[in-house]
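These are the residues of each chain, in order.
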Amino acid sequence: MSQASTDRDVTIFDTTLRDGEQAPGNGMSARDKVAMAVRLEALGVDVIEIGFPASSANDYQAAMLARQALTTATLATFSRCVESDIVKAVEAAGTDAHQIQLLATSSDLHLEHKRGISRADCVREVVSAVRFARSLGVGNVSVGLEDATRGAPDLIRALVEKCVEAGATTVVAGDTSGCLLPAEYGDLIAAIRAYVPEETTVATHCHDDMGLALANALMGIQAGADQVQTTLGGVGERSGNTALEELAAVLAYKGTECGVRSKIKTEGIYDAYLELKSFMRLENVRNKAIVGVNAFATAAGIHQDGVLRKPETYEYLEPNRFGRERQLLVGRHSGRAILRYLLEKQDTILDELMVTEIYNEFIASRMDNDIETVEMLGNRIRSFMAMPASE
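This report concerns the structure included in the present document. (Residues numbered from 1 in each chain as written. Predicted model: local features only at pLDDT ≥ 70, side-chain atom pairs only at ≥ 80, totals over all residues. Heavy atoms only, no water.)

**A closer look at the pattern of salt bridges**
The tally for this structure, following the rule as stated, stands at 26 salt bridges. Its salt-bridge partner being Asp59, residue Lys33 comes within 2.8 Å of it at the nearest N-O pair. Remark: Asp59 occurs in helix 3 (residues 57-69) and Lys33 occurs in helix 2 (residues 30-43); sequence separation between them is 26 residues. For Asp46, the salt bridge goes to Lys263, with nearest N and O atoms at 3.2 Å. Taken together, the residues span a long stretch of sequence, with Asp46 in the loop between helix 2 and strand 3 (47-51) and Lys263 in the loop between strand 10 (260-261) and helix 11 (269-280) at a distance of 217 residues. (Salt bridge = Lys/Arg side-chain N within 4 Å of Asp/Glu carboxyl O. Helix = DSSP H or I, 4+ residues; strand = E, 2+ residues; numbered from the N terminus.)

Following this line, the structure appears as structure tokens:
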């Protein structure tokens, strides 16, 4: 597999408002989409896909509103290789700072069982769609290769070379079913990178069906991809997509090792996620990286002892770098270290008999899911210690 050059920029194309929003239960109004698009722009996202204008009046309106609201990010819309779709997209989003992403069928499985057309028909329709978009004045045309990871190499190459020749500026290798291992996906990206002009953007689009979306995207970068398609919180069809916040964390902490950098501002990620969570009515997830409820929380005594002495013992990622705060929670797995910490904060002279008494009273007797914050426990300990001793 070819290795990417060092110190190059990778751009972020975010499809939260298209792929993410079309997943069951994630629907958003046009105005909510635009509010979220502005949030994503503030994070430093380069390209924001607002939706599929030909599919609904809601997405058409969202594209119209986003056209006025975005100032630095490129606005992207989604279309089939159908002229009426492309016309709708241009009517809604114009031609300036607008990327049309055209969906290209790129596996025999999809051609036979979904489309019922031949390879030659597929290549002709994609080339025709690219040329039509360019004829309307759209200078930024992306071709999304749906199911590229199950496509025959000669079909992928024919599609890519012909659409680039017709005027496509970006090609996207879609792991639509999340079926490849990172090394396999890297090989696909390397192959595409080898036969497109240097100025053509090669992008990743990875689904998380086997939990490999981020790993595949990173391998794609290593193989020469210039752009990664992401969603905030990893939302999207089925198990979702490459998570924006996870990719941002890797590039913030391991960008040198990856040989690339992005301009994502990590500090605003959590607030943006909370807004998206509200718009999409997403449920709380405890164990999600970066944005999960427990991403920067601990209740286990051994971990708390380490964190209280030096946070880096159990925190590689810094909470404040992602707009989060460290949480020390108290449950039945907590130990005496958290009690000593609370007693010291209350300027109480430490007495191990007292620590043991408080431990038995407030921790050892807890039920499995009985969790509270250290502040709540501190108040209860303060009241407990203020009680008169029994005779």
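**Here's the deal with the sheet that holds strand 8 (residues 201-206)**
Sheet architecture is closed into a barrel: eight strands sit in the order 2-3-4-5-6-7-8-9, paired in parallel fashion. This sheet shows a mean twist of 25° between the axes of neighbouring strands, independent of strand direction. Sheet topology places strand 4 (residues 74-80) next to strand 5 (residues 98-105); six bridges connect them, and they run parallel. By the bridge assignment for strand 5, Ser79 is matched with Leu102. (Pairing = 2+ DSSP bridges. Axes fitted to C-alpha atoms, helices over the stretch in contact; angles between N-to-C directions.)

**Here we look at the pairing of strand 7 (residues 170-175)**
For strand 7, the tally of buried residues reaches six of six residues, placing the bulk of the element in the interior. Pairing of strand 6 (residues 140-146) with strand 7 involves four bridges; the strand directions are parallel. Bridge pairing in strand 7 places Ser142 opposite Thr170. Assessed by its sense of winding, the connection that carries the chain from strand 6 through helix 7 (residues 153-166) to strand 7 is right-handed. Between strand 7 and its parallel partner strand 8, the chain crosses via helix 8 (residues 182-195), and the hand of that crossover is right-handed. (Buried < 20%, exposed > 50% of the residue type's maximum accessible area, 1.4 Å probe, protein only. Right-handed = clockwise from strand over helix to strand, strands pointing away.)

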